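Spelled out, the chains give:
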Amino acid sequence: MLFGSISHWKRQLAEGAVTPAELVESLSAAMERENPALNAYLSWNRDAALRQAAQADLTKPLGGIPIAVKDNICIAGAPTRCASRMLENFVSPYDATAVEKLRAAGAILFGRTNMDEFAMGSAGENSAFGPTRNPADTERVPGGSSSGSAAAVAGGIAVAALGSDTGGSIRQPASHCGIVGMKPTYGRVSRYGLVAFASSLDQIGPLTQNVEDAALVLNAICGHDAKDSTSSTQPTEDFSSQLGHDIKGARIGLPKEYLSLGNDAAVTAAVDRAVKTLTDLGAEVEEISLPHAEAVVASYYIIACAEASSNLSRFDGVRYGHRTEIPGGLDELYSHTRAEGFGDEVKRRVILGTYVLSSGFYDAYYARAQKVRALVAKDFSDAFGKVDFILGPTTPTPAPKLFDADLTPLQTYLADIYTIPANLAGLPGISVPCQASEGLPTGVQLLAPHFRETALLSVAHALEQALR
């Protein structure tokens, strides 16, 4: 295993203690040893990484640093499978904007990480190429859908990684694996080149070994992009500029609803520890209310599945991706291609999305879910009129066992109950490791108003440092 933060390796590279090529070789060796047990990477190209290393410019912010990339974010000339048989042989002809920006910052693109198929899942079990396993306990899930990115960073076979977050898919696996995962404000990072699941919810963000690294990666990938119509024109900033600042007087809200939904004792203890730590640092923690917290899961899955049914309709066997060999007409081509190419969870969500958008059900389900979404956003707007940040659990339990037969699909959906609201409201959120005792990793989540990532990272960093 090859542990070490971005800052650590930048120092090593600057001092000449290691070259970019040696770092890539060491990472490749660690990955080849550890990946069979974790299944964190689906593909990698050592020679391509070494070619990038040979041209690395160490004066750039991420010069010579290898970064892993989730398998639904396009890299030119590399497989972009979305962990699905539907795209098993697809090679991207272009870079996602986030990937372009990593290259511009000097990063070395290293490997495609495993995920739940088309980012649909909370456990990392839904990949067509086998489940990802948690480095803390390989019999447990690492969380999803950015399972491979989280497991690679936590397992010491990635310095840092990109993931995507539609309902908690960065923050939830970060919590289960004991690392930092950040979802920026919706629109902060271009979605161009991210294979869409739910377009109004998806957001690319970093999974890293510490908060400082999250800020460094975020510095590289943020910015307006004309190729993404939802890209924000908000000016970029140095997200690391307030790290180490005093957080005395920061007002932090603790939603009472987040403490009354049957959390595991380890999660409750982690939140209590975070509250005490933040209070000791001079922050003011007070109870607040988010009245529509119990409605977020139902609202989210209606909206997300509806958008997924639209986005995934492009996979029809005609233009690219898997195509059935069963003879028949156009209807048979579509149905057999999708039956063969999509896994069970994708089919389940597409069918649900098609149903809620169908004639006679649109108003009863989809339109009502959008109204709930507006109420959730208002809850946060009202809360941020009283406090600066919101603290809570990242997940209701630590990582469950792989393929736990006692968990129904609905129960797995509830694993995202604390992360979903940030996606519905478009807010930035970060999960920070916070174990209260020996055992499985546990994280706490901090949320901030739109475009307050710099302040959010400052508080998260202060918490992280005090917990060490």
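Up top you'll find the structure we're talking about.
Values in this document were obtained by computation on a predicted structure and should not be read as measured data.

Reading the values: rules and limits
- Residues numbered from 1 in each chain as written.
- Predicted model: local features only at pLDDT ≥ 70, side-chain atom pairs only at ≥ 80, totals over all residues.
- Heavy atoms only, no water.
- Helix = DSSP H or I, 4+ residues; strand = E, 2+ residues; numbered from the N terminus.
- Rg over C-alpha atoms; globule rule 2.2 N^0.38 Å.
- Buried < 20%, exposed > 50% of the residue type's maximum accessible area, 1.4 Å probe, protein only.
- Contact = heavy atoms within 4.5 Å.
- Areas by Shrake-Rupley, 256 points an atom, 1.4 Å probe, with all protein chains shown as cover.
- Core = buried A, V, L, I, M, F, W, Y, C linked by side-chain atoms within 4.5 Å.
- Salt bridge = Lys/Arg side-chain N within 4 Å of Asp/Glu carboxyl O.
- Pairing = 2+ DSSP bridges.
- Axes fitted to C-alpha atoms, helices over the stretch in contact; angles between N-to-C directions.
- Polar contact = N/O pair within 3.5 Å; in protein donor to acceptor, adjacent residues only side chain to side chain.

Visitor: What should I look at first to understand the overall build of the chain in this one?
Guide: From N to C terminus, the chain includes 15 helices and 11 strands. Scaling as 2.2 N^0.38, a compact globule of 468 residues should have a C-alpha radius of gyration of about 23 Å, and the chain matches this with 21 Å. Once the C-alpha set of the chain is aligned to its principal axes, its extents read approximately 70 × 55 × 45 Å. The 468 residues of the chain split such that 59% are buried. For the chain, the proportion of contacts with a sequence separation of at least 24, taken over those separated by at least 6, is 76%. If you sum the accessible surface of the chain, you get close to 17,500 Å²; carbon and sulfur atoms cover 51% of it.

Visitor: How should the nonpolar core be read in this particular structure?
Guide: Grouped burial of nonpolar side chains is what soluble globular proteins tend to show. If you look at the biggest cluster of nonpolar residues, it comprises 91 residues, and the most contacted ones within it are Y41, L102, I221, L391, I430 and L457. If we skip the residues at most four places from it in the chain, Y41 touches M31, N35, A68, F110, G111, R112, T113, N114, A152, I157 and A158. Formed by 51 residues, the second largest nonpolar core is a distinct cluster that contains M86, F197, F315 and A383.

Visitor: Where do I start with the pattern of salt bridges in this structure?
Guide: Close approach of charged atoms lets side chains of opposite charge pair. Enumeration according to the criterion identifies 16 salt bridges in this entry. Of the charged contacts, one joins R85 and E88 as a salt bridge, the two residues approaching to 2.8 Å between their closest N and O atoms. Judged by relative accessible area, which is 36%, R85 ranks as partly exposed. Note that E345 is salt-bridged to R348, the shortest N-O span being 2.3 Å. Here E345 and its partner R348 are both found in helix α11 (residues 344-357), three residues apart, which amounts to about one turn of the helix. With relative accessibility at 37%, the residue R348 sits in the partly exposed group.

Visitor: In this structure, what is going on with the sheet that holds strand β7 (residues 251-255)? I would like to understand it.
Guide: In any sheet, the strands associate via hydrogen bonds between backbone groups, in a parallel or an antiparallel arrangement. Strand order in the open sheet formed by 11 strands is β1-β3-β2-β4-β6-β5-β10-β11-β9-β7-β8, with mixed pairing between adjacent strands. What marks the edges here is a single partner per strand, and that holds for β1 (41-43) and β8 (284-288). In this sheet, neighbouring strand axes are inclined to one another by 30° on average, regardless of whether the strands run parallel or antiparallel. Sheet topology note: the β7/β8 ladder contains five bridges and is parallel. Looking at β8, one finds that R251 is bridged to E284. Here helix α7 (residues 211-221) sits on the sheet and contacts β4 (160-165), β5 (180-183), β6 (203-208) and β10 (429-433); the angle it forms with β6, its principal contact strand, is near 145°.

Visitor: Would you take a moment to explain the side chain of T113 for this structure?
Guide: Within the element layout of this structure, T113 appears in strand β3 (residues 108-113). Residue T113 is classed as buried on the basis of its relative accessible area of 0%. Among the polar contacts listed, one links the side chain of T113 to the backbone nitrogen of K70, at a separation of 3.4 Å. When residues no more than four places from it in sequence are discounted, the contact partners of T113 are A40, Y41, L42, A68, V69, K70, D71, G148 and S149.

Fair warning: the whole summary comes from geometry, so function is off the table for now.
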